[in-house]
Amino acid sequence: MAQGSDSNDTSYKSPSPGSRPSSSDDVKKVMRREKNRIAAQKSRMRQTQKADSLHLESENLEKENAALRKEVKQLTEEANYLSSVLSSHEPLCTGLAPQTPELLYPTHQSSYHRQHIGVPHYQR
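Residues numbered from 1 in each chain as written. Predicted model: local features only at pLDDT ≥ 70, side-chain atom pairs only at ≥ 80, totals over all residues. Heavy atoms only, no water.

Some words on the overall build of the protein chain
A tally of helices and strands in the protein chain yields three helices and zero strands. Walking the protein chain from its N terminus toward its C terminus, one meets helices and strands in the order α-α-α. Per-residue burial over the protein chain gives 0% buried out of 124 residues. Of the roughly 12,000 Å² of accessible surface on the protein chain, a fraction of 57% belongs to carbon and sulfur atoms. (Helix = DSSP H or I, 4+ residues; strand = E, 2+ residues; numbered from the N terminus. Buried < 20%, exposed > 50% of the residue type's maximum accessible area, 1.4 Å probe, protein only. Areas by Shrake-Rupley, 256 points an atom, 1.4 Å probe, with all protein chains shown as cover.)

Below, the structure is given as structure tokens:
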């Protein structure tokens, strides 16, 4: 940095228009600069803390994401295994009768429907 450009350097005083500043103006200027320096330092500290916090949160979310992906993979493998076990068992199982679509979803032309469709409920 160039000499004389340091923001903490209080030796340089800009001339004020009209007259030389009084010593109370110098004190006020120094106090204002000190307050500003402290406020800027606090702001930088808060910004650093927020960045650190976001970094930790990011790391935790990445760990959680990895664990969830691992769980999804395990559950997918389990579902595939159980599906293959079921597929190999179905032909051997005597407890299950082969079901046709008519047994699962009866057509609307059955005798039950024919006798009830044409007669309103209040006339029975």
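Here's the deal with the confidence of the model for the protein chain
Here the protein chain shows a mean pLDDT of 78. Residues at 70 or above account for 60%. Considering each helix and strand of the protein chain separately, the mean pLDDT is smallest for helix H3 (residues 111–117), with a value of 50, and largest for helix H1 (residues 23–89), with 96. (pLDDT = per-residue confidence, 0-100.)

Here we look at the pattern of salt bridges
Tallied over the entire structure, the rule returns one salt bridge. When the shortest N-O distance is used, the salt bridge between Glu34 and Arg37 registers 2.4 Å. Of this pair, Glu34 and Arg37 both sit in helix H1, three residues apart, roughly one helical turn. Given a relative accessible area of 34%, Glu34 falls into the partly exposed group. A residue is classified by how much of its surface remains accessible, and Arg37, at 34% relative accessible area, is partly exposed. (Salt bridge = Lys/Arg side-chain N within 4 Å of Asp/Glu carboxyl O.)

As for a nonpolar patch on the surface
A grouping of Tyr81, Leu82 and Val85 is seen on the molecular surface, where their side chains present a nonpolar patch of about 300 Å² in accessible area. Tracing the chain through its elements places Val85 in helix H1. A relative accessible area of 36% means that Val85 is categorised as partly exposed. (Patch = residues over 30% accessible without salt bridge, like charges linked within 9 Å, V, L, I, M, F, W, Y side chains within 5 Å.)

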